[in-house]
Amino acid sequence: MSEIQADVLVVGGGMAAGWAAISAAKAGASVVIVDKGYMGTSGVTAPAGPNHWWVPPEPELRKSAVARRLETAFGLADPAWMERVIDVTWRSIPEMAPWYPFSGNGKGGTFQSGLRGPEYLRALRRYATSLGVRILDHHPVLELLARQDGSVGGAAGHDRLADKAWRARAGAVILATGGCAFRSGLLGSYNNTGDGYLMGVEAGAELSGMEFSISYSISPAWLSTRTLPYTGARYFDADGQPLAIPGWDKPRDYLCRLADAFRYGPVYADLHEAPAELATVLREIQPATLAAFERRGVDLFRDRFEVKLFGEGTIRGVGGLRIVDTSCATSVRGLFAVGDAATREHVAGATSGGGAQNAAWALSSGVLAGAGAASAAQKQKGRIEQTEKLKPLGGAGLRPTGTVQKIDRNAAVHTAQQEVLDLDKALWRNEVKLKKSTSVLDNTWTDIRRGLHADGLDAVAAREVAAMVATARWCTSAALARKESRGMHVREDYPVMSPEYQHSIVTTGLDQITTRLDTYHNAQEVL
Ligand SMILES: Cc1cc2nc3c(=O)[nH]c(=O)nc-3n(C[C@H](O)[C@H](O)[C@H](O)COP(=O)(O)OP(=O)(O)OC[C@H]3O[C@@H](n4cnc5c(N)ncnc54)[C@H](O)[C@@H]3O)c2cc1C
C-alpha cells in the first residue's frame, strides 16, 4: 500500500480537475491529482475541443448574455452564478498563454474561447506541474475516507500500472470525476461511469438536477465522433426516402423526430449538399472526425452512411452533486465537486449546458473549488500529518451486505443503459414507465449491494458497475419526482411546466432514495 499526503486531493484528470489543482496550488496548498486514466487523454474534455462561454467585460454585453441564457433555462438558473462563471472564465483562459498555442482570431488578436482538447489538457498539465502539483495517472479512486467527525479526509484507490493499493490523506478532496454516459460509447466517456456521484453520496452528499439527463449526440453508427458534420446533413430512411428532421435550433423536435425515425429502421445521413466551407472547417479543427470516415472507406461528403444517437447521460445533461456555496462545497465538510461531477443547473437551468456553458462551468467551478479547498485544508493543517484513523466509506462492490454472489456485470450495465438511455423511455417519460424502470433498477441494485465483491484491480470495474446502476436510479427517481415538463425533461402525463416545480429536485440515498424540492437561489457567497 502506498501512502499519499496532500493539502488538497483532486480526483479526476479533465479540465475541471486541472483548473482546480492550479487554483489550489496558487492558494499555497500542496496538491495531488489522481486520475483513472492519463490526464490528457481520459475524460470528455480531451476529444471535445471545448468552446467556452466567452463574453468580454462590458456590462451591457454581459447583461444580455445572461438574459439570453436565462430564456432557455426554464426558470432554473441563477444569474449571479452565470455572471461569476463568465467572469472567472474570461480572466482564467489567458493565464494559459505560456502553455497553450492560441490561434489568431483573424483580426490581429488571439482566439481564446474554443480550445483544442488534447492541447488544452497538455497545457493544464504543464501549468499545474509548474506550480508543484503532483499528477498520478492511472490511479483510479475507489472510495472516500472520513475522519471521526464525518468530514472527508482522503481517498483510497488502486494504482493500475503497479497493481498496488494506495491511500491518500488530505485536508480537502475535490471530486472532478466527470459525468456518466453509462458506457454508451460516447466519445471520451469510457472512464466516466458516475464514480464521483457514488462516492459523494456514500459520504452523505446530495445530488441535484438528475432528471435532466436526456441528451444525445449523433454520430456514424460505428463510432461516436464530434457532431459538426451534421450541421450540413439531410436524413433518409433505408428506402432512400427523405426524412423531415428539423434543425438543431429546435433540439427537442430534432431529437424526437430522429428518435421516431429510428423506430422504423436505420437512418442515413447525406452531406452531398453541405456547404463547401464545412469540409475546410472540419479539416482544420476536427481532423479526427474525418479520419473516422476515412478509416472505414467512407467519403463523408459523397457517401450516404448510417447514423446512431449516442446517449450523453449527465455529461451534456445537467445533474450532478449538489453544491451549497460559491466555493463549490458539497453539504459534506471537506468535500467539493466541480465540472460535470457537480450540478450545472446554476448556469444551464433545465437545458443542456453543452456548447459553451459546461466548459465555462468546468473551468470556473474548478477555479473556485481549488481556492475553497485550499482554504478548508488550511484549517485542517496539522490534522493531515496525524494518525487519526480514517474510515473507508465505499459500500457497493467493496463491502457487500450479504453473501458474495456471482453478479452478471454486463447485464447490470445493460439494465442501466436500457432504463436511462432507451429513447422511448427517455424522451416520452410517464409514471408507468418510470415506476417500471425504478423497480427493475432497484432489483439490480439490491443484487449488487448484497452480493458484488471484488478487490485489487477488479474492484475498479466492480465499482464502475455499481456507480452506473446507482446513477441510473438517481436519474429515474428524480424524473419520477418532477411531475411536470420543463426543458429537457418531458413527461407525457404532465405535459406543461408548473410553477410548483420551479425548484431543483435534490436526490440522495443509496438503498433508499429520497427526493425533495429545493431552491438554489441560496448559494452562500464564500469567495
Ligand atoms: C463530444 C463532446 C463535445 C463537447 N463540446 C463542448 C463544447 O464545445 N462546449 C462546452 O461547453 N461543453 C462541451 N462539452 C462538454 C464539456 O466537454 C464537459 O462539460 C467538460 O469537458 C467536463 O470536464 P470535466 O473535467 O468535468 O470532465 P472530464 O473531462 O470528463 O474528466 C473526468 C475525469 O475524471 C476521471 N475519473 C472518472 N472516474 C474516476 C475515478 N474513479 N478516479 C479517478 N479519476 C476518475 C476520468 O478519467 C477523467 O479524467 C462536450 C462534451 C462532449 C462529450
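Bear in mind the structure is a predicted one, so any value in this text is a computation, not a measurement.

A.B. asks: Could you clarify how one ought to interpret helix α14 (residues 431–451) in this entry?
C.D. replies: Owing to its 3.6 residues per turn, the α-helix brings residues three or four apart onto one side. If you check α14, its first and last C-alpha atoms are 30 Å apart, about what 21 residues at 1.5 Å a residue would give, namely 30 Å. Along α14, the positions that sit buried rather than exposed are Leu434, Ser437, Thr438, Leu441, Thr444, Trp445, Ile448, Arg449 and Gly451. Of the surrounding secondary structure, the elements contacted by the buried residues of α14 are α6 (195–202), α12 (409–421), α13 (423–427) and α15 (458–481). At the N-terminal boundary of α14, the capping side chain belongs to Asn430, with an oxygen 3.1 Å from the backbone nitrogen of Val432.

A.B. asks: Any chance you could explain the UniProt feature "active site" (unreviewed entry) in the chain here in plain terms?
C.D. replies: In the UniProt entry, the feature "active site" (unreviewed entry) is given for Arg252. Position of Arg252 among the secondary structure elements: in helix α7 (residues 251–263). Beyond its immediate sequence surroundings of up to four residues, Arg252 is in contact with Leu427, Trp428, Met488 and Val490.

A.B. asks: Would you mind showing me how to read the state of the cysteines here?
C.D. replies: Simply put, the disulfide is a covalent bond whose two ends are the sulfur atoms of two cysteines. For the coordinates displayed, the defined rule picks out zero disulfides. In this structure Cys475 is not part of a disulfide, and its nearest cysteine sulfur, from Cys180, lies 7.4 Å away. Residue Cys475 is classed as buried on the basis of its relative accessible area of 1%.

A.B. asks: I tried to follow the sheet that holds strand β18 (residues 504–508) on my own but got confused; where do I start?
C.D. replies: Strand order in this open sheet of four strands is β15-β9-β18-β19, and the pairing throughout is antiparallel. Two strands in the sheet have a free side with no partner beyond their single neighbour: β15 (320–321) and β19 (514–518). Where β18 meets β19, five bridges bridge the pair, whose relative direction is antiparallel. For Thr508, the partnering residue across the bridge sits in β19 and is Thr514.

A.B. asks: Help me understand the sheet that holds strand β12 (residues 242–243), please; the structure alone is not making it clear to me.
C.D. replies: Adjacent strands of a sheet pair through backbone hydrogen bonds, lying either parallel or antiparallel. Judged by pairing direction, the sheet is antiparallel, and its five strands sit side by side in the order β10-β14-β13-β11-β12 without closing on themselves. One side of each edge strand has no neighbouring strand; the edge strands of this open sheet are β10 (216–220) and β12. As paired strands, strand β13 (residues 267–270) and strand β14 (residues 305–311) are joined by three bridges and run antiparallel to one another. What sits directly across from Tyr268, in β14, is Glu306. The sheet contacts of α7 involve β10, β11 (234–237), β12, β13 and β14, and relative to β14 the element is tilted by about 120°.

A.B. asks: Quick question: what am I supposed to make of the site of the ligand here?
C.D. replies: Neighbouring the ligand are 36 residues, the closest being Asp35, Ser42, Thr45, Asn192 and Ala359. Separating an oxygen atom of the ligand from a side-chain N or O atom of Asn192 is a distance of 2.7 Å. A distance of 3.3 Å separates an oxygen atom of the ligand from a polar backbone atom of Asn358. Computed on the free molecule, the ligand has an accessible area of 1,000 Å², of which 98% lies beneath the protein chains in the complex. For the shell around the ligand, the element with the highest residue contribution is helix α11 (residues 357–380), accounting for four residues. Of the residues that constitute the shell around the ligand, the class distribution is 14 nonpolar, 17 polar and five charged.

A.B. asks: For this particular structure, what's the right way to read the pairing of β13?
C.D. replies: Regular strands place their side chains on alternate faces of the sheet. In this structure, β11 lies alongside β13, joined through four bridges in antiparallel fashion. What sits directly across from Arg234, in β13, is Asp270.

A.B. asks: Before we go on, may I ask you to explain the domain arrangement of the chain in this structure?
C.D. replies: By a widespread convention, an interface's size corresponds to the accessible area lost as its parts come together. Taken domain by domain, the chain comprises domain 1 (2–213 + 314–392), domain 2 (215–312) and domain 3 (409–495). With centres defined by C-alpha atoms, the gap from domain 2 to domain 3 works out at 28 Å. Across the contact, ten residues belong to domain 2 and ten residues belong to domain 3. With both chains or domains summed, domain 2 and domain 3 bury close to 810 Å², and 67% of this area falls on carbon and sulfur atoms.

A.B. asks: It is not clear to me how unusual backbone geometry should be interpreted in this structure. Could you clarify?
C.D. replies: When glycine is set aside, most residues are seen to have a negative phi, and most peptide bonds are trans. For Asp163, which is not glycine, the phi torsion reads 50° and is therefore positive. By secondary structure assignment, the location of Asp163 is in the loop between β7 (152–159) and β8 (164–175). Its relative accessible area of 48% is what places Asp163 among the partly exposed residues. Located in the positive-phi region is Phe182, a residue other than glycine, with phi close to 55°.

A.B. asks: What's the story with the pattern of salt bridges in this structure? I'm lost.
C.D. replies: Pairing between side chains of opposite charge can happen when their charged atoms approach one another. On inspection of all chains with the given rule, the structure shows 35 salt bridges. Among the salt bridges present, the one from Arg62 reaches Asp87, with a minimum N-O distance of 2.8 Å. Of this pair, Arg62 sits in helix α3 (residues 59–71) while Asp87 sits in helix α4 (residues 79–92); the two residues are 25 residues apart in sequence, bridging distant segments of the chain. Take Arg62: its relative accessible area is 12%, and that puts it in the buried class. Between Asp442 and Arg473 there is a salt bridge, and its shortest N-O distance comes to 2.9 Å. Placement of the pair is Asp442 in helix α14 and Arg473 in helix α15, with a sequence separation of 31 residues. The class for Asp442 is partly exposed, based on a relative accessible area of 29%. Relative accessible area serves as the criterion here: at 5%, Arg473 is assigned to the buried category. Look at the salt bridges and you will find they share partners, linking Asp260, Arg263, Asp424, Lys433 and Glu492 into a network.

A.B. asks: How should I be thinking about the packing of aromatic side chains in this particular structure?
C.D. replies: Given two aromatic rings, their pairing is described by the distance between the two centres and the angle made by the two planes. Under the definition given, this model contains nine aromatic pairs. Members of the aromatic cluster, connected to one another through ring pairs, are Trp222, Tyr230, Phe293 and Phe305. We note Arg183 situated over the ring of Tyr190; from NZ or CZ to the ring centre the distance is 3.6 Å. Against the face of Phe310 rests Lys308, its NZ or CZ located 4.6 Å from the ring centre.

Conventions adopted
- Residues numbered from 1 in each chain as written.
- Predicted model: local features only at pLDDT ≥ 70, side-chain atom pairs only at ≥ 80, totals over all residues.
- Heavy atoms only, no water.
- Helix = DSSP H or I, 4+ residues; strand = E, 2+ residues; numbered from the N terminus.
- Expected span 1.5 Å × (residues − 1).
- Buried < 20%, exposed > 50% of the residue type's maximum accessible area, 1.4 Å probe, protein only.
- Contact = heavy atoms within 4.5 Å.
- Polar contact = N/O pair within 3.5 Å; in protein donor to acceptor, adjacent residues only side chain to side chain.
- UniProt positions renumbered as here; feature names shortened; annotations may be inferred.
- Disulfide = S-S within 2.5 Å.
- Pairing = 2+ DSSP bridges.
- Axes fitted to C-alpha atoms, helices over the stretch in contact; angles between N-to-C directions.
- Near = heavy atom within 4 Å.
- Areas by Shrake-Rupley, 256 points an atom, 1.4 Å probe, with all protein chains shown as cover.
- Nonpolar A, V, L, I, M, F, W, Y, C, P; charged D, E, K, R; others polar.
- Domains from an automatic or database assignment.
- Buried area = accessible area lost by both parts, 1.4 Å probe.
- Salt bridge = Lys/Arg side-chain N within 4 Å of Asp/Glu carboxyl O.
- Phe/Tyr/Trp six-rings, centres within 6.5 Å; stacked < 30°, edge-to-face > 60°.
- Lys NZ or Arg CZ within 6 Å of the ring centre and 35° of its normal.

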